Amino acid sequence: MLDIKFIRENPETVKKAILEKAAKLNLDALLELDAKIMALRKETEEVQAEANRVAKKIPKADVAARGEMVAQGKNLKTKLTDLEPTLRNLEAQLRDLMLEVPQIPWAGAPVGADESFNLEIKKVGTPRVFDFTPLDHVALIEQNGWGELERISRISGTRSYALKGDLAVYEQALLRFAFDQMIAAGFTAMTVPSYAREEVFTAHGQFPAARDQVYEMEGSELFLSGTAEVLLNSLHADEILAEDDLAAAYVAISPCFRAEAGAAGKDTRGLIRVHQFNKVEQYVLCKADSRESEKWFDTLLANAESLLQALELPYRLLETSTGDMGTGKVRMIDLESWVPSENRYRETHSCSALHDWQARRANLRYRDAEGKVRHAFTLNNTALATPRILVMLLENHQNPDGTVNIPVAVQPYMNGKTKLEMTKRRS
RNA sequence: GGAGGGGUGCCAGAGCGGUUGAAUGGGACGGUCUCGAAAACCGUUGUAGGUGCAAGCCUACCGUGAGUUCGAAUCUCACCCCCUCCGCCA
């Protein structure tokens, strides 16, 4: 959400953002509605003030004069019962429109309506040249008895996964590895529920636009979150923090759920796109200052890069275009890791700066050094998400004999094991 | 799941349907005093919107929403949350 005052004063800037982000929103209609509300609100407040004056005088008035005054109060009340519902209705309409106003993208973002305009800005590592015919991750899992991909789909449906043997342990090891790395980087460790109320998703920005991507738990008014970011963003909702409380940098681990509506038939094979996964997430709440935000953006990005480097994966950075970064974002860089079987990079991380867009929705504020109450800025990035990262780890680190090497950095989390080995059958 | 108690400002806590945006205490901040500090004393300590050069004034907010009333923190209803006891339980 943007500040309505900012929108009033900078309609052209906002219109440009709407255009660049390919949003469907009529800003003139929004401004017209806003003007209408301002006028109606003024009228209503004047009647209310008059009604308050009358009501205040009644207890001090002569008993004889009271009848007349009560009648006057009743009359004003009738006027209010005409005005107030209309006002409230218009305000609700404006709120709905305000939720759709995009954040202004930073000047450096490539302008374009979709991901085809994204710009590769950095490449680290070189894709491995195999001197044997490498397998894809599904084949590796099947050959080594590292999962129950077919059986679990019969139980839980498509886009489900079940891991077995060393790979089941590896998933947990990676999550803990990433969690520890982030704690070492000074982030506060957290666990959060994977579900929350509707208003939490609205505050985050996922509702109303992407509501169909979220599972609703019938009969409970709760929804399953696709990322811990949703929950973290509302942790301090409606509070006014002290400036000293900022920046708050959290690393949270949680199971994540995504409906993947509209992705039918896409990435149905293997571990790339599943309904339930695990994610270690970086989330930062900082002062309302673009330089501060930039500083944290760089930090979140560096954290993700150092994790990928520790995992010995080739990756690249994409500066995402205005149309691909999402409604609420100022800037987004996707980190994509190399997938040998597809001969291309695929997204494993996404680093975002939103300035006050989420904070306004969540009413996340702090008191600055001058005592002024301001909306904070928020940022987030993946630290590590499984099982998708397993696709890259399995395929890039495979050996001719079908075993898979474990990066040195993760070996301590695997009890010193250096390779993932075939699951032994027990008769 | 059953029974009860409660949600007021940074915290604790008062509040007959009418000058209560809210007593009192604590904390925090500023000042006096002091070489400095403590103590003591004095003062300050809402959020959002509107209006005004400004001082100020107006409107809303005492968990949330609806209602009763000329007037609601105070009455009614629904919902949310917290606490205690019992039951069940990883």
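Throughout what follows, the structure given in this document is the object of discussion. (Residues numbered from 1 in each chain as written. Chains lettered and ligands numbered in written order. Predicted model: local features only at pLDDT ≥ 70, side-chain atom pairs only at ≥ 80, totals over all residues. Heavy atoms only, no water.)

1. A closer look at a negative patch on the surface
- Side chains of Asp-238, Glu-239, Asp-244 and Asp-245 sit close together on the surface and give a patch of like negative charge.
- Mapped onto the elements, Glu-239 comes out in the loop between α9 (228-234) and β6 (240-242). (Patch = residues over 30% accessible without salt bridge, like charges linked within 9 Å, V, L, I, M, F, W, Y side chains within 5 Å. Areas by Shrake-Rupley, 256 points an atom, 1.4 Å probe, with all protein chains shown as cover. Salt bridge = Lys/Arg side-chain N within 4 Å of Asp/Glu carboxyl O. Lys, Arg positive; Asp, Glu negative; His and termini not counted. Charge placed at Lys NZ, Arg CZ, Asp CG, Glu CD. Helix = DSSP H or I, 4+ residues; strand = E, 2+ residues; numbered from the N terminus.)

2. Observations concerning the pairing of strand β10 (residues 331-339)
- For β10, the buried fraction is high: 9 of the 9 residues fall into the buried class.
- The sheet contact formed by β10 and strand β11 (residues 344-355) spans 9 bridges and is antiparallel. If you follow Ser-337 over to β11, its bridge partner there is Arg-346.
- The antiparallel hairpin formed by β10 and β11 contains 4 residues in its connecting segment, where Asn-343 sits at a positive phi of about 55 degrees. (Buried < 20%, exposed > 50% of the residue type's maximum accessible area, 1.4 Å probe, protein only. Pairing = 2+ DSSP bridges.)

3. Focus: the packing of helix α7 (residues 165-184) against helix α12 (residues 388-396)
- Two numbers describe how α7 lies on α12: the axes approach to 11 Å, and their chain directions differ by 115 degrees. Relative to α12, the element α7 lies roughly perpendicular. Viewed along their axes, α7 and α12 form a crossing whose handedness is right-handed. In this structure, α7 contributes Leu-167, Tyr-170, Glu-171 and Leu-174 to the contact, and α12 contributes Ile-389, Leu-390, Leu-393 and Leu-394. (Axes fitted to C-alpha atoms, helices over the stretch in contact; angles between N-to-C directions. Parallel < 35°, antiparallel > 145°, perpendicular 65-115°, else oblique. Left-handed = near helix turned anticlockwise from the far one by under 90°. Contact = heavy atoms within 4.5 Å.)

4. Topic: the sheet that holds strand β4 (residues 216-217)
- Spatial strand order, β3-β5-β4: 3 strands in an open sheet with antiparallel pairing. Each edge of the open sheet is held by one strand with a lone partner, namely β3 (195-197) and β4.
- In this structure, β4 lies alongside strand β5 (residues 222-224), joined through 2 bridges in antiparallel fashion. Its bridge partner lying in β5, Met-217 is registered against Leu-222.

5. As for the protein's contact with RNA strand B
- In the vicinity of RNA strand B there are 19 residues, among which Ala-55, Ile-58, Lys-74, Arg-197 and Arg-367 approach most closely.
- Taking all atoms of RNA strand B within 4 Å of the protein, the share assigned to sugar and phosphate is 75%.
- For RNA strand B, a base nitrogen lies 3.3 Å from a polar atom in the side chain of Glu-45.
- Val-70 is positioned with one of its backbone polar atoms (N or O) 3.4 Å from a sugar or linking oxygen of RNA strand B.
- Listing elements by their share of the surface near RNA strand B, those giving two or more residues are α1 (4-9), α3 (27-57), α4 (63-98) and β12 (365-367).
- With 6 residues, α3 is the single largest residue contributor to the surface near RNA strand B.
- When grouped by side-chain class, the residues that make up the surface near RNA strand B number 7 nonpolar, 3 polar and 9 charged. (Near = heavy atom within 4 Å. Polar contact = N/O pair within 3.5 Å; in protein donor to acceptor, adjacent residues only side chain to side chain. Nonpolar A, V, L, I, M, F, W, Y, C, P; charged D, E, K, R; others polar.)

6. A word on the side chain of His-236
- You can see His-236 is positioned in the loop between α9 and β6.
- Once you skip the residues sitting within four places of it in the chain, His-236 turns out to touch Leu-241, Tyr-250, Leu-285, Asn-363 and Leu-364.

7. Structural notes on the nonpolar core
- One finds Leu-167, Tyr-170, Leu-174, Leu-311 and Leu-420 to be the most contacted residues of the largest nonpolar core, which totals 85 residues.
- Apart from residues no more than four positions distant in its own chain, Leu-167 is found in contact with Ile-141, Trp-146, Leu-390, Leu-394 and Leu-420.
- Membership of the second largest hydrophobic core comes to 28 residues, among which are Leu-30, Ala-51, Leu-83 and Leu-87. (Core = buried A, V, L, I, M, F, W, Y, C linked by side-chain atoms within 4.5 Å.)

8. Notes on the sheet that holds strand β13 (residues 373-375)
- An order of β6-β12-β13 is seen for the 3 strands of this open sheet, with the pairing classed as mixed. Single-partner strands in this sheet number two, and they are β6 and β13. Ignoring which end each strand starts from, the neighbouring axes of this sheet average 40 degrees apart.

9. Overview of the packing of helix α5 (residues 137-144) against α12
- Orientation of α5 relative to α12, taken along the N-to-C sense of each, is 75 degrees, at an axis distance of 9 Å. Judged on the interaxial angle alone, α12 and α5 are roughly perpendicular. In this structure, α5 uses His-137, Leu-140 and Ile-141 to contact α12, whose residues at the interface are Val-391, Leu-394 and Glu-395.
- Taken together, the residues of the contact of α5 with α12 sort by class into 4 nonpolar, 1 polar and 1 charged.

10. Looking at the environment of Ala-288
- In this structure, Ala-288 sits in the loop between β8 (276-286) and α10 (290-310).
- Separated by 86 residues in sequence, Ala-288 and Arg-374 place their C-alpha atoms 7.1 Å apart.
- With sequence-adjacent residues up to four places away left out, Ala-288 is seen in contact with Tyr-366, Arg-374, His-375 and Phe-377.

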